[in-house]
Amino acid sequence: MISSYFTPAEIEQYQQNGFLLIEDFLDTEEALLLQQASHNDAILQKAAMDVKDAAGRRTNLSVWNHPGDDIYGVIARSERVVNRMEQLLDDEVYHYHSKLSAKEPRVGGAWEWHQDYGYWYKNGCLLPTMASVFIAVDPATRENGCMQVLTGSHRMGRIDHHFEGEQTGADLERVELAKQRFPLFYCEMKAGTALFFDGNLLHRSDPNLSDFPRWGLICCYNTKTNDPLLPHHHPGYTPLSKLPDSTIRETGVKTASLQSQFLKQAEDRTSRILNDAGENA
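Residues numbered from 1 in each chain as written. Predicted model: local features only at pLDDT ≥ 70, side-chain atom pairs only at ≥ 80, totals over all residues. Heavy atoms only, no water.

Novice: What is the right way to read the sheet that holds strand S1 (residues 19-22) from this model?
Specialist: Across a sheet, paired strands are connected by hydrogen bonds in the backbone, their directions being either parallel or antiparallel. Pairing is antiparallel across the open sheet formed by seven strands, whose spatial order is S1-S11-S6-S13-S4-S3-S2. The open sheet has two edge strands, S1 and strand S2 (49-52), and neither has a second partner. Neighbour-to-neighbour, the strand axes of this sheet turn through a mean angle of 25°, independent of strand direction. With seven bridges connecting them, strand S6 (residues 130-136) and strand S13 (residues 214-223) associate as antiparallel partners. Bridge pairing in S13 places Phe 134 opposite Ile 218. Running over the sheet, helix H1 (residues 8-17) touches S1, S6 and strand S11 (194-198) and is turned about 135° from S1. (Pairing = 2+ DSSP bridges. Helix = DSSP H or I, 4+ residues; strand = E, 2+ residues; numbered from the N terminus. Axes fitted to C-alpha atoms, helices over the stretch in contact; angles between N-to-C directions. Contact = heavy atoms within 4.5 Å.)

Structure follows, in structure tokens:
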């Protein structure tokens, strides 16, 4: 059984590199439940936004703020995830939002270089005490567009972000400088592997030009003491009720319900940030 906590060595590695890969974070049965649920979830897929990359390829992205009682919400509230997030961020955390990123075979788009805090900063979150966990629904490989990170780049702090295609991307001149200092790492993952990563870690992914899907569940967290000072499309501090890890299996392939609240594309500012003139920046 996997622990609900990181070891001191793992925390030190995270602080140095800005990310941690945990294999078998979901065991074989749990990973299969998540895969079966998400790939057959008509409500989740109907709620997906089509987000274009700079080349016009599309990634399907479903986003929701509050974790429910489906398998996605149970994973987001599990002690296995939440206890580790609280270790990494050294504070009580709450669920900022979750999303299902679905890159379909041959057509799935890229994600441009960015830091998550590059746009969460715009939401009135004054501190970068924010982090995410990407859980591989399908195997993620170089061929189908696995995540790439610049190891240690979170120590740069937040850098400027600009509008690229339908995504907000990091200042590419700064990214090119960062590549000279911070090693590029391809986060290849089998289903059930988890990638914990800092809100200021520079990361991107290539389009999916393979014959295999690359889906991932991403759960994002903020700290209680970093409660946003501006109203926006994600929630302020909301106490999080942790669940025993055993709840994941007990929940099984429970999918999203008709009552689930998903963000609409016009409401989402994670991928589209408006400047003061009201134009896409």
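Novice: Just to check I follow, could you spell out the environment of Glu 79 for this structure?
Specialist: Turning to its location among the elements, Glu 79 is positioned in helix H5 (residues 79-89). Sequence-wise, Glu 79 and Cys 219 are 140 residues apart; in three dimensions their C-alpha atoms are separated by 13 Å. Once residues within four sequence positions are removed from consideration, Glu 79 is found in contact with Ser 4, Arg 84, Lys 242, Leu 243, Pro 244 and Asp 245.

Novice: I would appreciate a short explanation of the side chain of His 95 in the present structure.
Specialist: As for its placement among the helices and strands, His 95 is situated in strand S4 (residues 93-103). At 2.6 Å, the side chain of His 95 and the backbone oxygen of Asn 65 are in polar contact. Reaching out from His 95, the side chain makes a polar contact with the side chain of Ser 98 at a distance of 2.7 Å. (Polar contact = N/O pair within 3.5 Å; in protein donor to acceptor, adjacent residues only side chain to side chain.)

Novice: What's the story with the environment of Asp 198 in this structure? I'm lost.
Specialist: By the secondary structure assignment, Asp 198 is in strand S11. Between the alpha carbons of Asp 198 and Ile 248 there is a distance of 25 Å; along the sequence they are 50 residues apart. Aside from chain neighbours lying at most four places away, what touches Asp 198 is Tyr 14, Gly 18, Met 130 and His 154.

Novice: Quick question: what am I supposed to make of the packing of aromatic side chains here?
Specialist: Counted according to the given criterion, the structure contains ten aromatic pairs. Taken together, a centroid distance of 5.4 Å and an interplanar angle of 80° make the contact between Tyr 96 and Trp 120 edge-to-face. With a gap of 24 residues between them, Tyr 96 in strand S4 and Trp 120 in helix H6 (residues 116-120) connect regions that are remote in the sequence. Its relative accessible area of 0% is what places Tyr 96 among the buried residues. An angle of 75° between the planes, with centres 6.5 Å apart, marks the rings of Tyr 119 and Trp 120 as edge-to-face. Judged by relative accessible area, Tyr 119 falls into the buried class, the value being 6%. (Phe/Tyr/Trp six-rings, centres within 6.5 Å; stacked < 30°, edge-to-face > 60°. Buried < 20%, exposed > 50% of the residue type's maximum accessible area, 1.4 Å probe, protein only.)

Novice: Sorry, what's going on with the state of the cysteines here?
Specialist: What makes a disulfide is a covalent bond joining the sulfur atoms belonging to two cysteines. By the definition in use, this model includes zero disulfides. Cys 220 supplies the cysteine sulfur nearest to Cys 125, a cysteine that is in no disulfide, at a spacing of 11 Å. Take Cys 125: its relative accessible area is 1%, and that puts it in the buried class. Among the cysteines around Cys 187, which has no disulfide bond, Cys 146 carries the closest sulfur, lying 6.6 Å off. (Disulfide = S-S within 2.5 Å.)

Novice: Could you clarify how one ought to interpret the pairing of S11 in this entry?
Specialist: A regular strand places its side chains so that they alternate between the two faces of the sheet. Most of S11 sits inside the fold, with five of its five residues counted as buried. Alternating residues of S11 divide into Ala 194, Phe 196 and Asp 198 and Leu 195 and Phe 197, and every residue in both groups is buried. Direction of pairing for S1 relative to S11: antiparallel, over a ladder of four bridges. Paired with Leu 21 across the two strands is Leu 195, which belongs to S11. Sheet topology places S6 next to S11; five bridges connect them, and they run antiparallel. Within the sheet, the bridge partner assigned to Ile 135 lies in S11 and is Ala 194.

Novice: I'm lost on H1 in this one. Help?
Specialist: Restricting attention to buried positions, one finds in H1 the residues Ile 11, Tyr 14 and Asn 17. Considered in projection along H1, the buried side chains sweep an arc of 145° and stay on one side of the axis. Exposed residues lying more than 90 degrees from the buried face of H1 are Pro 8, Ala 9, Glu 12 and Gln 15. Residues of H1 that are buried make contact with S1, H5, S6 and S11. (Arc of directions from axis to C-beta.)

Novice: For this particular structure, what's the right way to read unusual backbone geometry?
Specialist: Backbone phi values are negative for most residues with the exception of glycine, while trans is the configuration of most peptide bonds. The phi dihedral of Asp 90 is positive, around 55°, even though this residue is not glycine. Turning to its location among the elements, Asp 90 is positioned in the loop between H5 and S4. The exposure class assigned to Asp 90 is exposed, which follows from its relative accessible area of 70%. One non-glycine residue, Arg 106, adopts positive backbone phi at about 70°. In this fold, Arg 106 is placed in the loop between S4 and strand S5 (111-114).

That's the geometry; what it means functionally is another story.
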